[in-house]
Amino acid sequence: MDSQKYLQLPSRLVTERRRKGLSQKQVAGRASLQQASLCAYEKGRKWPNPEHVTRIAVALGLTDEEAHGLHWAARHDGLLLRAGELGLQDASEIVSAAL
C-alpha cells in the first residue's frame with residue numbers, strides 16, 4: 001500500500017499558497033527557507049520540522065486555526081511515513097482513517 005496517497009500536508013501547502021496568490025519563491029523568502037525545500041514539502045518528498053511549519057504558516061498569513069490545521073497535517077503525515085518506514089503499510093490507511 002502506498003502511504004503517499006494519504007498525505008495531507010503537500011496539498012494543504014499548495015492550496016493555501018495558491019489561495020493567497022503567492023509563488024513558492026515568495027513564501028520561501030518570507031519564511032526564510034530555500035525555495036527547493038518548500039517545493040519538496042509541497043511534493044511530499046521532504047518533511048518540515050515544526051518550526052518550519054510555523055514559519056510557513058506565518059509567511060502565508062494563516063489564522064491560528066489554519067496554522068493549527070497545517071501543523072496537524074504535518075504530524076499526520078509524519079506518522080504515516082514512519083509507519084511505512086517500519087514496514088507497516090497497512091497501518092497507513094488505518095491511521096489516516098482514524099485521524
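In this text, all values refer to a predicted model and were calculated from it rather than measured experimentally.

### Section: the pattern of salt bridges
Within the structure shown, the criterion is met by four salt bridges. Linking Arg-19 and Glu-16 is a salt bridge whose minimum nitrogen-to-oxygen distance equals 2.4 Å. With Arg-19 and Glu-16 both in helix H1 (residues 9-19) and three residues apart, the pair spans about one turn of that helix. The salt bridge involving Arg-19 is made with Glu-66; its shortest N-O contact spans 2.7 Å. With Arg-19 in helix H1 and Glu-66 in helix H5 (residues 64-85), this residue pair connects regions lying 47 residues apart in the sequence.

### Quick look at the nonpolar core
One finds Val-27, Ile-56 and Leu-70 to be the most contacted residues of the largest nonpolar core, which totals 19 residues. Ranked by the residues each element gives to this core, the list is headed by helix H4 (residues 50-60), at five residues.

### Points about H4
Those residues of H4 that sit buried are His-52, Val-53, Ile-56, Ala-57, Ala-59 and Leu-60. Seen end-on, H4 carries its buried residues on one side only, within an arc spanning 160 degrees. Exposed and facing more than 90 degrees away from the buried side of H4 are Pro-50 and Val-58. Of the residues one or two after H4, Gly-61 is the one with positive phi, at around 70 degrees.

### Describing the layout of surface pockets
There is about 220 Å³ of room inside the largest pocket. In terms of lining, the largest pocket is formed by 14 residues, of which the most central are Pro-48, Ala-74, Arg-75, Gly-78 and Arg-82. Broken down by secondary-structure element, the contributors of at least two residues to the lining of the largest pocket are H4 and H5. The biggest single contributor to the lining of the largest pocket is H5, with eight residues. Residues that form the lining of the largest pocket fall into these classes: eight nonpolar, three polar and three charged.

### Details of unusual backbone geometry
Of note in the backbone geometry, Ser-32 takes a positive phi value of approximately 55 degrees without being a glycine. If you trace the backbone, Ser-32 turns up in the loop between helix H2 (24-30) and helix H3 (35-43). With relative accessibility at 58%, the residue Ser-32 sits in the exposed group.

### Topic: the environment of Gly-69
Tracing the chain through its elements places Gly-69 in helix H5. On the accessibility criterion, Gly-69 (12% relative accessible area) is buried.

Here is what the cut-offs are and how they apply
Residues numbered from 1 in each chain as written. Predicted model: local features only at pLDDT ≥ 70, side-chain atom pairs only at ≥ 80, totals over all residues. Heavy atoms only, no water. Salt bridge = Lys/Arg side-chain N within 4 Å of Asp/Glu carboxyl O. Helix = DSSP H or I, 4+ residues; strand = E, 2+ residues; numbered from the N terminus. Core = buried A, V, L, I, M, F, W, Y, C linked by side-chain atoms within 4.5 Å. Buried < 20%, exposed > 50% of the residue type's maximum accessible area, 1.4 Å probe, protein only. Arc of directions from axis to C-beta. 1 Å grid on protein atoms, 1.4 Å probe; cavity = no way out; pocket = protein on both sides within 12 Å on 5 of 7 lines; lining within 4 Å. Points joined across faces, edges and corners; volume = space filled by probe spheres on them. Nonpolar A, V, L, I, M, F, W, Y, C, P; charged D, E, K, R; others polar.

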